[in-house]
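Close look at the chain arrangement
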Amino acid sequence: MEQEVPVAPEAGRVLVVIPAYREEKTIGAVVSAARAQYPYDVLVVNDGSPDGTSGAARTAGAIVLDLPFNLGIGGAVQSAFLYARDRGYDAVVRIDGDGQHEVEDIGKVLEPVIDGRADACIGSRFLGYTGYRGSIPRIFGIHHFRWLVNLFTGYHVTDPTSGFFAINRRLVEFYSANYPSDYPEVDAYILMHRLNARAVEVPVRMYARAEGKSSITTFKAVYYMVKVTLSFLINCIRSLG
Amino acid sequence: MSRVALISIGASVALFLYILEMVRRRKLREEYSILWLSGSLVILVLSVKQEWLGRISQAIGIAYPPSFLFLVGILFILLILIHFSIAISKLHNMNKKMAQEMALMENAVRKIEEKPGGFTGT
């Protein structure tokens with residue numbers, strides 16, 4: 001399969017990954033913006049959406065992976081890592097397809113990874129001026145996870161649940177085999193810590209969701225906190241295959 | 001022989017035979033039958049050999065021996081449920097891998113089909 005798809009030496013080195021579920025109204029604009037501003041391939045992972053997400057992404061010029069049913073964000077993003085691994089990409093940058101993340105910031109998030117200064121670079125909405133406002137449970141959760149990540153890994157993170165990040169080939173290969181399925185961002189810090197990966201944060205802009213409402217309700221927020229804390233702690237003692 | 005003993009002998013024999021029959025007809029995989037078979041055997045043995053049941057109950061401080069039978073039954077059910085949770089988690093992972101593989105393959109096939117002179121599916 002690999003010789004079928006030669007990787008262009010320059011433009012093909014970075015893969016922009018956009019996991020999408022029911023985002024037909026926004027995905028096209030995000031894909032077009034990314035393709036207009038960067039020479040990178042754009043991969044949309046359609047996580048079993050019943051709507052026109054897949055078609056909209058394809059029309060806008062993205063490579064599309066169609067999952068046969070909904071795997072959840074971790075499983076969807078992991079499919080993209082598998083793709084990047086198999087096709088020889090050197091770095092992956094992941095952004096949301098609902099307009100929450102600023103496409104213009106992709107370059108900023110990628111820079112430390114491309115320069116080789118970091119294995120992972122995470123876009124933070126709390127560094128510098130960003131003007132982000134969240135609900136109280138969300139802010140509480142963010143503080144809890146900051147504390148947890150710092151205590152167990154020593155990474156000084158400001159935005160532990162950010163889904164806007166770039167990783168290099170080494171982490172792509174590792175995550176292809178080990179990636180949490182539900183809420184992967186916080187868990188990823190433990191994995192990175194255990195690999196001695198260098199992680200840095202850069203300030204990015206994040207917006208309120210352009211379309212649809214946040215998936216976090218109060219009950220889900222509590223479940224999220226418990227589940228992520230548990231899997232975080234278990235990842236500290238798990239054997240990594 | 002007490003009525004409780006007769007009922008538990010009857011029930012465990014019936015369970016044992018039922019599980020065997022399901023395995024024979026390939027409706028139940030062997031790996032899942034082992035816990036069921038051994039559970040029903042243990043209960044059967046303790047129901048027949050009531051003096052063993054009495055002695056064990058006395059040793060661990062259970063006044064009414066048949067309630068030790070219930071305890072054994074409940075423990076087996078617990079074990080079987082844990083076994084199921086593990087089996088489901090394994091299936092879940094396999095399912096996820098298969099979905100990811102499918103998406104990657106579908107993407108590769110599409111790429112080949114779109115190529116001029118590529119496979120057209122006819």
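This is a predicted model, so every value here is computed, not measured. (Residues numbered from 1 in each chain as written. Chains lettered and ligands numbered in written order. Predicted model: local features only at pLDDT ≥ 70, side-chain atom pairs only at ≥ 80, totals over all residues. Heavy atoms only, no water.)

A look at the nonpolar core
All names here are of chain A. Ranked by internal contacts, the top residues of the largest apolar core, which has 46 residues, are Leu43, Phe81, Ile167, Tyr175 and Met192. Per-element tally for this core: the top contributor is helix H3 (residues 73-86), with 7 residues. In this structure, Ala34, Val109, Leu110 and Ala166 belong to the second largest nonpolar core, which totals 30 residues. (Core = buried A, V, L, I, M, F, W, Y, C linked by side-chain atoms within 4.5 Å. Buried < 20%, exposed > 50% of the residue type's maximum accessible area, 1.4 Å probe, protein only. Helix = DSSP H or I, 4+ residues; strand = E, 2+ residues; numbered from the N terminus.)

Some remarks on the pattern of salt bridges
Residue and element names in this part refer to chain A. Tallying each qualifying case throughout the model produces 17 salt bridges over all chains. For the salt bridge of glutamate 104 with arginine 205, the shortest nitrogen-to-oxygen distance reads 3.5 Å. With a gap of 101 residues between them, glutamate 104 in the loop between strand S4 (91-94) and helix H4 (106-114) and arginine 205 in the loop between strand S7 (199-203) and helix H8 (218-237) connect regions that are remote in the sequence. Connected through salt bridges with shared partners, the residues Glu104, Asp105, Lys108 and Arg205 form a single ionic network. (Salt bridge = Lys/Arg side-chain N within 4 Å of Asp/Glu carboxyl O.)

Structural notes on the confidence of the model for chain B
Overall, the predicted model of chain B reaches an average pLDDT of 89, with 96% of residues at or above 70. Per-element averaging of pLDDT across chain B places helix H2 (residues 30-48) of chain B at the bottom with 89 and helix H4 (residues 65-114) of chain B at the top with 93. (pLDDT = per-residue confidence, 0-100.)

A short note on the environment of A:Ser54
Inspection of the secondary structure assignment puts A:Ser54 in helix H2 (residues 53-59). In contact with A:Ser54, not counting residues within four places along its chain, are A:Asn46, A:Val64 and A:Asp66. (Contact = heavy atoms within 4.5 Å.)

A word on unusual backbone geometry
A positive phi is found at A:Arg22, a non-glycine position, where the angle reads about 50°. With respect to the secondary-structure elements, A:Arg22 resides in the loop between strand S1 (14-20) and helix H1 (27-37). Classification of A:Arg22 as exposed rests on a relative accessible area of 52%. We note that B:Arg26 has phi near 60°; this positive angle belongs to a residue other than glycine. With respect to the helices and strands, the residue B:Arg26 is situated in the loop between helix H1 (3-24) and H2.

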